[in-house]
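Overview (structure and organization)
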Amino acid sequence: MTCGHVGCCDSSPNQHATAHWHQHDDHPLIRSFEPGEDWWWCYADAVAFEVPGAGPAPSYDPSST
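Everything numeric here is computed off the predicted structure, so don't read it as measured data. (Residues numbered from 1 in each chain as written. Predicted model: local features only at pLDDT ≥ 70, side-chain atom pairs only at ≥ 80, totals over all residues. Heavy atoms only, no water.)

1. What to know about the overall build of the chain
For the record, the criterion: Helix and strand labels come from DSSP, where a helix needs a run of H or I of at least four residues and a strand needs a run of E of at least two; each type is numbered from the N terminus. Between buried and exposed lies partly exposed: a residue is buried under 20% and exposed over 50% of the maximum accessible area for its type, with that area taken using a 1.4 Å probe on protein chains only. Pairs of residues are marked as contacts when any of their non-hydrogen atoms sit within 4.5 Å. To be clear on the numbers: accessible area is Shrake-Rupley with a 1.4 Å probe, and residue cover counts the displayed protein chains and nothing else.
A count of helices and strands for the chain gives one helix and three strands. When the helices and strands of the chain are listed from N to C terminus, the series reads α-β-β-β. A burial count over the chain gives 17% of its 65 residues as buried. Across the chain, the fraction of contacts at a sequence separation of at least 24, relative to all contacts at a separation of at least 6, is 32%. Accessible surface for the chain amounts to roughly 4,700 Å². Of this, 55% is attributable to carbon and sulfur atoms.

2. With respect to the confidence of the model for the chain
Here is the rule we go by: The predictor attaches a confidence to each residue, and that confidence, scored 0 to 100, is pLDDT.
For the chain, the mean per-residue pLDDT works out to 81, and 86% of the residues sit at or above 70. When the elements of the chain are averaged for pLDDT, helix α1 (residues 16-23) gives the smallest value, 86, and strand β3 (residues 47-49) the largest, 95.

3. Thoughts on the packing of aromatic side chains
Working definition: an aromatic ring pair is given by the centre-to-centre distance plus the angle between the planes. Where we set the bar: We call Phe, Tyr and Trp rings a pair once their centres come within 6.5 Å, taking the six-membered ring for Trp, and we label the pair stacked below 30 degrees between planes, edge-to-face above 60, and tilted otherwise.
Within the structure shown, the criterion is met by two aromatic pairs. Here W21 and Y43 contribute two aromatic rings whose centre-to-centre distance is 5.0 Å and whose plane-to-plane angle is 15°, an arrangement assigned as stacked. Of the two residues, W21 is situated in helix α1 and Y43 in the loop between β2 (40-42) and β3; the sequence distance between them amounts to 22 residues. Its relative accessible area of 12% is what places Y43 among the buried residues. On the numbers, 6.0 Å between centres and 25° between planes, the contact of W40 with F49 is stacked. A relative accessible area of 28% places F49 in the partly exposed class.

4. Description of the sheet that holds strand β1 (residues 29-31)
Stated formally: By definition, two strands form a pair when at least two bridges between them are found by DSSP. Axis lines are fitted through C-alpha atoms, for helices just across the contact stretch, and the angle between N-to-C directions can take any value from 0 to 180 degrees.
Ordered in space as β1-β2-β3, the three strands form an open sheet in which the pairing is antiparallel. Each end of this open sheet is capped by a strand with a single partner; those strands are β1 and β3. Strand after strand, the sheet turns through a mean of 20° between neighbouring axes, direction not considered. In the sheet, β1 pairs with β2 via three bridges, with the strands oriented antiparallel. Across the sheet, R31 pairs through a bridge with W40, a residue of β2.

5. Side note on α1
Heads up, the condition is: Taking the helix axis as origin, the arc is that swept by the directions to the C-beta atoms.
Buried within α1 we find A17, T18, H20 and W21. Along the axis of α1, the buried residues cluster in a sector spanning 160°; they form a single face. Exposed positions of α1 whose direction lies more than 90 degrees from the buried face are H22 and Q23. The secondary structure elements touched by the buried residues of α1 are β1.

And the structure:
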């Protein structure tokens, strides 16, 4: 995780995370932003993974908008 960019994954219409990686190929990792999800994805290696011991992901809080 390099820059902290938050973008929608490929299951979303605009695929912002993938577009960000295409613009910044030195930012290959994404992490789920959804509450209760612990998956990560590496675009460079095309692999999903979890990080044992990683703290919870920051999650979107709709009440904060």
